[in-house]
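Structural features, examined
Each chain, written out:
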Amino acid sequence: MPNSIVHFEIPADDVARAKTFYEKTFGWTIKAFPMPPGQEYFGVATKQGTETGIDGGMMQRKMPGQPFMNYIGVKSIDATNQTIQANGGTVVLPKQEIGQGMGWISAFKDPENNIVGLHQVGPNAPRPAAAAGKTQSKASPKKTAKKAPKAKTAKKAGGKKRK
């Protein structure tokens, strides 16, 4: 289904305390995520293998009252923000790029005053291991297969092209 929740973020006043709480309470694995100097972010793994669920992140709270944030995956933040506004929502965080080709984020407030994030995938965004393996193993043959028939078209009797 398009536009599903793809990521969450947990802001914390004391990241070490929050990390310990979520690891001990839910058994999640929380590890430092590679970031540019001066920025700290932790990846939160909530599942193993083929278990259902989503993974997320944890970081230092950036403003008082910063909420736990869910992110909805969209093809275009620009188009989605226009639709949000047309339907009574308000953009509260304009589109901004996130780390090293990971994509873009934005946030909006719905008519009920809930703040929700948007995420548009970038060119270097990691893919889940199982899905990435499938995509990579299928992508190369598909590209080859699509190009091969175009190069090998021949004419049938009567001058019509055969594929």
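These notes cover the structure that comes with them. One numbering rule holds for all chains: residues counted from 1, following each sequence as written. With the structure being a predicted model, the display of local features is reserved for residues of pLDDT at least 70 and the display and counting of side-chain atom pairs for 80 or more, all residues being used for whole-chain, interface and lining totals. Side-chain metrics in this entry use all non-hydrogen atoms of the structure; hydrogen atoms and water are not considered.

1. Thoughts on the overall build of the protein
Counted only if it meets this: Helix and strand assignments follow DSSP, with helices taken as H or I runs no shorter than four residues and strands as E runs no shorter than two, numbered in order from the N terminus. Here the term buried applies to any residue with accessible area under 20% of the maximum for its type, exposed to any over 50%, and partly exposed to those in between, with areas from a 1.4 Å probe on protein chains only. Every residue pair with non-hydrogen atoms within 4.5 Å of one another is taken to be in contact.
From N to C terminus, the protein includes three helices and 10 strands. The buried share of the protein, reckoned over its 163 residues, is 25%. Restricting the contact set of the protein to residue pairs at least 6 apart, pairs at least 24 apart contribute 46%.

2. Here's the deal with the pattern of salt bridges
Where charged atoms from two side chains of opposite charge approach closely, those side chains can pair. In plain terms, the rule: Salt bridge criterion: a side-chain nitrogen from Lys or Arg within 4 Å of a carboxyl oxygen from Asp or Glu.
Taken as a whole and assessed by the stated rule, the structure comprises four salt bridges. The partner of D13 in a salt bridge is R61, with the nearest N and O atoms 2.9 Å apart. Taken together, the residues D13 in the loop between β1 (5-12) and α1 (15-26) and R61 in the loop between β4 (56-60) and β5 (69-73) connect sequence positions 48 residues apart. Given a relative accessible area of 52%, D13 falls into the exposed group. With relative accessibility at 25%, the residue R61 sits in the partly exposed group. Of the charged contacts in the structure, one is a salt bridge between K95 and D78, with a shortest N-O distance of 3.2 Å. On the criterion of sequence distance, the pair formed by K95 in strand β6 (residues 90-98) and D78 in helix α2 (residues 77-86) is long-range, its members being 17 residues apart. We classify D78 as partly exposed; its relative accessible area is 44%.

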